[in-house]
Structures are given as structure tokens and as C-alpha cells.
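Structure at a glance
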Amino acid sequence: MSAREQQQAQPPPAAPPEAGELDAANRYEAVVPHWFYCKVTDSRERWVPFSTQDSERLEEAHGSGRDKEDLVVPTSGGRYDVHLKKRQRVAVYWEEEVSEVRRCTWFYKGDKDNKYIPYSETFSKELEEAYMIAVTLDEWKKKLESPSREIIILHNPKLMVHYHPVATSDDWGSTPTEQGRPRTVKRGVENIAVEIPNGEPLQIDHLVFVVHGIGPACDIRFRSIVQCVNDFRNVSLSMLQAHFKKAQEQQQIGRVEFLPVNWHSSLHSTGVDVDLERITLPSINRLRHFINDTILDVFFYNSSTYCQTIVDTVASEMNRLYQLFLQRNPLFKGGVSIAGHSLGSLILFDLLTNQKGAPEEDEHNEEGSRTTSGNRGIEEVREILKKLELSEYCEVFEKEKMDRQALFLCTEENLKEMGIPLGPRMKILHYISSKEEMQDQSTAAAMHSREHVAEPRSPSQHDPDSTDDARNCQYRDVGLGQVSANYPQLNYKPTIFFAFGSPIGMFLTVRGVKRINPNYSLPTCKGFFNIFHPFDPVAYRIEPMIVPDLEFEPMLLPHHKGRKRMHLELKEGLTRMSVDLKNNLLGSLRVAWQSFTRAPLPAVEAASTDAEAEAEASAEKQPDTKPDETPPAVKEEAPLINVGRLNGGNRIDYVLQEKPIESFNEYLFALQGHLCYWESEDTVLLVLKEIYQTQGITLDQPLPGSQ
């Protein structure tokens, strides 16, 4: 074989590709850090990642070199501040234990829940340096000893193990070994199974204060008001993405901020718990302690001493939070609403009924009451003239600033001086006299009923334009029976008041308020929604106190996915079917009874057959007409019902749809029904819908059955 052939037979040199692969393998890339904070729950530590937005902001502040100063970075939508130098996360609006913060790059799997725990920042740097050397020099099997004298071995880029020693070192200086159960080590947050949120929109459109009910725990898991409101806020963010996507894409909206208001701790820090402890029996200790801590809050609120403490705490806390929020968000131009759960809704209702308008509004109430009522009175006069077919004289009455009350004081000479001809004068005078007769009759009836029950009238409920004063005597002041307290004033006017699982209706009834004047509205808040679960044992309705003579169902809250729950549709279908069967059966029985009771006419068979045909025709028509009369009770005539001005003329009572499993046993899910609102998508969606409706922003697609 020639030298040339031998050279051709030799394999080609593989050095260049191996060098390329070696360069690619040995190329070191710095790890991307992510910031975490330590959350302690029931003495158990859990490391939670900051959102991508917050972590980038913290890393930017850290990279600027200013972390040596006492630099404060707002996180979690501005509800927490991170002190970069101290590595601490501090709550802004409420009291909470300070959390440790870490800039995390290396993690190991924990023993108990198999969740990854970050190493300390100092040891993470050592691990990163060892990893860099191992990658660059391609030298693995590196052993490192952690500050707690545990062994970490870097076998290769994909396999790194943390060994927990079986026994700790003794006085003889024994070194830790690789014995024990190995735990996985991961580099970089992208290699561990953890859900990292994107972050919250920076723009805040509306602020909502949430007041809790009895006791320190607010749900069936015994969580605090802060944790429950966190859930409510998270659900609101998901509902915004699902139902306000167009407005978000067009940057018309940001988000709604929900802040908790805690009054329970202030009440029980007055020393009343010590006094109760002295008189509490030693038996069934846990039950008695639970009652002292929760149920007694209702009795505390009905005590003038502790009621004053509660209302002062709630009002001052909401005012403090409002001022602090404005300081931290100076560009905020949105409105403020309030929400209360259980007893918290009653506290807010009593506060709102005792609010007063601003000084400039008092002038408006003195002078402007004439203007607004005068305008309303002129409109009433215009309607009266239109009813009497005298619309051409509207300008004459408007020129004289004639309202309804002035019209009823007019004599024939007054109308003659205004230039009203004889014919129209007679029509107007006849109308006035007929109305006065009706008024005298209603006044006599009211005076007769007043002899049996004297019911005082609220000045706020009095309509200065109405001449039918006797009618207002049947309404009691909504403030009747309230505990004697000095109700403080809020520094803002709430846009809407939301009540969740509220006993307001029951407390008003117990206080002696039988009816609420349809003309009554809260002095500084024009919106009021009473939202409840159908099995909530604490919740009561409001609308029957305004319209007691009419039986009607509360508004069914539409499902957030745009449909009615399947079991409710089935139930409604079966109800409609039973109504149809009942009407058909009654129609058939009626025809059969008529055929039996009709006198026989054998001589005229043709006439009898015609009568039978007519009876059959009527029987066929009967089922068609009857079912049409009944479904309106099943359908909803809610928009046609006038429920007064408490919610600006809109419906007040809204009922949630129970879940299929809840419909099997109402009693079993009664407690859950009272504590379900914090994670209820339907409740949150109604709150968002009503808030953004005040800003002219609607849902992407209106839900069926929504108002």
C-alpha cells in the first residue's frame, strides 16, 4: 500500500469538532437571580417568590449599588415595602410580622413538603463560584461544606446533591459524611417547580375598604381578614383578565385595590378579655373561649361603651388608611367604596346613616333643596298639565316658578291673574279639589292607625314637596334603636356600599323599624348592594322592608362563566314542567266536569257536538294561557319592581347560586354559606361590574340575567 493510500485510509482528525463541543460545554453563563420572602404560617416557614415585576425592580435596585443604603422598594402593589439593606419585607397598611427577604440563585429540596428552599446569599455565592470553576475546567465531583456542616456534591451540571448528615459533629471534631438521605440541589429559579406571578397593574382605579365580622377569623380555615382580603383581591385580578380584557388591552383600566380594616384586636385590647376570664366557668374551656372571642362581639356592639370603641376604631382606621393610601399614590383620582361582612356590614350601615354632608353641601341642602325640589316640583306640574291636556300652559307655570305644592295653594283668582282661560282654570281647580278629598281620606286613615302605633318620622326621610305628609308617618327612622354613640365622620364619600352575608335587615326589625321609606337614601353613599348565599344563616333581605306588600325574589347573581348552574336549570325546568302538567290536568278536569254537568239535549245532536268542539277548543287554549301567566314568577320581573332610592332606584338584594353539592343538604353547608364570599368569583364580579359601571366601563360580554 502506498503512503498516499495509507494516508487516505486513516480516519480524519476529530480535534476541531471536539474543541468546538468542549467550548460549548465549558461556556459558563451567570445564573439569573430571583427574589423570595419567607412566610411563616403556624411556625412553618415557606419561601414565596416575588412577582416577576417586583423581582426585576428589586434586582435593579440591588444592581445600582444602593442596597448599602437604607433603600425602600414598594412591592405587591404597594402593600409591602422591602428594606433592601436589612433584607426585610414590611407591611404598609396593617400590622404583620416582618419577613426575611433573599436574593436567591441556588435551592435544595426540603424534607417535609418537597418544596425547594433557597440557600443563604453568602453560601449561594460559594456554590456559584464552585460551579463556574467546574464548568470552565470541566472538573466535577466537587465537595462543599455548608454553614450547617452539610455536604453538597456537584457531580455534573444536571446532578447536584445535598447530603444531610446522620449525626452532628462531636467534641472530637468528626467531620460530616455523605451518609443520610440525599436531597436534590437546583441552580436557578427556572429549574424548580414554583409558580411565579407576573405582577399587578400599576394603575389603581378604585379603592375598597373591607370590614370583617365577629371574631378574629374570617373563614372556615380560621384565616385573618388580611389573608381573606388577599384572596378576594387575587380573584378580582383574574376576573378583570377574564371579563374586562378589552378595557385592559386599551389601557382604560388598571385594577381595584382592596384593603382590610381590623377592629377586633382593638376591641379586645381594652382589657375586656381579662374581665371575662375572671367570670368564665372552667368547664368546656375551648367552647367558652370561642364564644368570648367571637359571639360576644355582637353583644359588645349593642353596648354603648364598646359600641363607641368599635365605631371609633372602624372610622379612624378607614380614615388613616385613606390618608396613607393618598400619600403613597398621589396621582390617584378614583373613588372609594366600602364593603362589610356579617357584623361589619351593620357597623358600616350605622356609620353611613349618621354621616353628614360637607359645609358647602349644607348650603346646597338649604338653598339647593329648593332648587332640586323645585325642579322636581315643576316636573310634577308639567306632568299634571300633560294629564289634563293643558301642556301649552307649561311655560306660564314655569315662568311663575310654580311647583306642585304651590299649585295646590292656587285659587281661581290666582289662575286668572296668570292669564289662564276659564276652561283650563276649571280643569285645574277640579283636579286640585279631587286630590284634596283623597288627601283628607288618607289623613283620617293615618290618624286612626297612629292611635294604635305611633311611628316617628326621620327628617331625612321627609319629602318637603309632598303634600301627603300622613303617608310618611308609617315609616320609622332607620337610625331608630341604634346604640347611643357619637358616630364619627369619614373623610370621603363612599361610592358604593357592599354588604356580604349581612344581618342589617334583622337588626333594623329588632330595633323597631318596620318599613324603610322608599325615598330614603344614605346621606353620603348612593349605592347599596346586599349580597348573600341562599343558605347563609346570618343573612337577611332588605327589599321587603321597602316594598312589604309585594312578594318577589331577590336578583339571582349570574354565574361568572355566563350561565346558570346546571342543577338550577334542571330544577327550573322541572318546576316549569310541573306547572304545565298541573294546568293541563286542571283544564282536562274542567272540561270533563262541564261535560258531566251539562244538561243533555238529544233532539239537537249537532248543537251538542258544536258545544263539545267549543269545549275542546277552550281546553286547548287553557294550557296555552295558564303557563304564560305563571312563568313570569319564574322568569324575573325584577327590573319592573320599584325598590326605592336606597340603591339609586336599582335592585338591592342579590343571591348567589349554590353549588350542586350544597343543594343536597342546606344545613350541612350553612356555615360554609356564611364564609364563602372571599373566594366567590360571582361576588367579586358583581363588585367589579358595579364599580367600573360608575366609570362608564362595562363587561366585555354582558352576563345573562344581569341588570
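Residues numbered from 1 in each chain as written. Predicted model: local features only at pLDDT ≥ 70, side-chain atom pairs only at ≥ 80, totals over all residues. Heavy atoms only, no water.

Moving on: helix H25 (residues 681-693). For H25, spanning 13 residues, the distance from its first C-alpha to its last is 18 Å, which sits close to the expected 18 Å at 1.5 Å a residue. Restricting attention to buried positions, one finds in H25 the residues Asp 682, Thr 683, Val 684, Leu 685, Leu 686, Val 687, Leu 688, Lys 689, Glu 690, Ile 691 and Tyr 692. (Helix = DSSP H or I, 4+ residues; strand = E, 2+ residues; numbered from the N terminus. Expected span 1.5 Å × (residues − 1). Buried < 20%, exposed > 50% of the residue type's maximum accessible area, 1.4 Å probe, protein only.)

Right, let's talk about the environment of Met 239 for a bit. Turning to its location among the elements, Met 239 is positioned in helix H5 (residues 225-243). Judged by relative accessible area, which is 5%, Met 239 ranks as buried. Counting along the chain gives 442 residues from Met 239 to Glu 681, while the straight-line C-alpha distance between them is 7.3 Å. In contact with Met 239, other than residues within four places in its own chain, are Phe 244, His 560, Glu 681, Val 684, Leu 685 and Leu 688. (Contact = heavy atoms within 4.5 Å.)

The subject of this paragraph is the sheet that holds strand E7 (residues 106-109). With respect to topology, 6 strands assemble into an open sheet ordered E8-E7-E12-E11-E10-E9, the strand pairing being antiparallel. In this open sheet, the two edge strands, each paired with only one partner strand, are strand E8 (116-118) and strand E9 (142-145). Pairwise comparison of adjacent strand axes, ignoring direction, gives a mean angle of 30 degrees for this sheet. Bridge analysis of E7 against strand E12 (residues 182-187) gives 3 bridges, and the strand direction is antiparallel. Across the sheet, Trp 106 pairs through a bridge with Arg 187, a residue of E12. Helix H4 (residues 121-137) contacts E7, E9, strand E10 (151-156), strand E11 (159-163) and E12 of the sheet and is inclined by roughly 170 degrees relative to E9. (Pairing = 2+ DSSP bridges. Axes fitted to C-alpha atoms, helices over the stretch in contact; angles between N-to-C directions.)

Glancing now at the pairing of strand E3 (residues 72-75). Burial of the side chains of E3 is restricted to one face: Val 73 and Thr 75 are buried, whereas none of Val 72 and Pro 74 on the reverse face is. Alignment of E3 against strand E4 (residues 80-83), held across 4 bridges, turns out to be antiparallel. Considered in E4, the bridge of Pro 74 is made with Asp 81. Count of turn residues in the E3/E4 antiparallel hairpin: 4 residues, of which Ser 76 carries a positive phi of about 55 degrees.

Tracing the chain through its elements places Glu 128 in helix H4. One polar contact links Glu 128 to Trp 106, side chain to side chain, over a distance of 2.9 Å. Among the polar contacts made by the side chain of Glu 128, one reaches the side chain of Arg 187 at a distance of 2.9 Å. (Polar contact = N/O pair within 3.5 Å; in protein donor to acceptor, adjacent residues only side chain to side chain.)

By the definition in use, this model includes 21 aromatic pairs. An angle of 40 degrees between the planes, with centres 6.0 Å apart, marks the rings of Phe 349 and Phe 528 as tilted. A residue pair is termed long-range when its members are at least 10 positions apart, and Phe 349 in helix H12 (residues 343-353) and Phe 528 in strand E17 (residues 527-532) qualify at 179 residues. Members of the aromatic cluster, connected to one another through ring pairs, are Phe 232, Phe 258, Phe 500, Tyr 677 and Trp 678. Stacked on the ring of Tyr 37, the Lys or Arg Arg 89 has its end atom at 3.8 Å from the ring centre. In this arrangement the basic side chain of Arg 89 is found over the ring face of Tyr 80, its NZ or CZ atom lying 3.5 Å from the centre. (Phe/Tyr/Trp six-rings, centres within 6.5 Å; stacked < 30°, edge-to-face > 60°. Lys NZ or Arg CZ within 6 Å of the ring centre and 35° of its normal.)

Residues Phe 209, Met 318 and Phe 497 are the most contacted members of the largest nonpolar core, which totals 104 residues. Contacts of Phe 497, omitting those with residues within four sequence positions, involve Ile 338, Gly 340, Ser 345, Leu 348, Phe 349, Leu 352, Ile 504, Leu 522, Cys 525, Gly 527, Phe 528 and Phe 529. Counting 18 residues, the second-largest nonpolar core is a separate cluster that includes Met 402, Phe 408, Cys 410 and Ile 428. (Core = buried A, V, L, I, M, F, W, Y, C linked by side-chain atoms within 4.5 Å.)

Axis angle and axis distance: for two packed helices, these are the angle between their axes and the distance between the axes, and together they describe the pair. Where H12 contacts helix H19 (residues 504-511), the two axes come as close as 9 Å, and the packing angle between them is 60 degrees. The orientation of H12 with respect to H19, classified from their angle, is oblique. The residues of H19 that touch H12, namely those facing Ser 345, Leu 346, Phe 349 and Asp 350, are Ile 504, Phe 507, Leu 508 and Arg 511. Residue composition of the contact of H12 with H19, by class: 5 nonpolar, 1 polar and 2 charged. (Parallel < 35°, antiparallel > 145°, perpendicular 65-115°, else oblique. Nonpolar A, V, L, I, M, F, W, Y, C, P; charged D, E, K, R; others polar.)

Moving on, we get to the pairing of strand E16 (residues 496-500). Counting buried positions along E16 yields 5 of 5 residues, so the element is predominantly enclosed. Neither face of E16 is exposed, since Ile 496, Phe 498 and Phe 500 on one face and Phe 497 and Ala 499 on the opposite face are all buried. Two strands pair when backbone bridges link them, and strand E15 (residues 335-341) and E16 are joined in this way by 4 bridges, in the parallel orientation. Each bridged residue has a counterpart across the sheet, and for Gly 340 the counterpart in E16 is Ala 499. Note that E16 and E17 share 5 bridges and pair parallel. By the bridge assignment, Phe 497 is partnered in E17 with Phe 528. Note that the unit made of E16, H19 and E17 has a crossover that is right-handed. (Right-handed = clockwise from strand over helix to strand, strands pointing away.)

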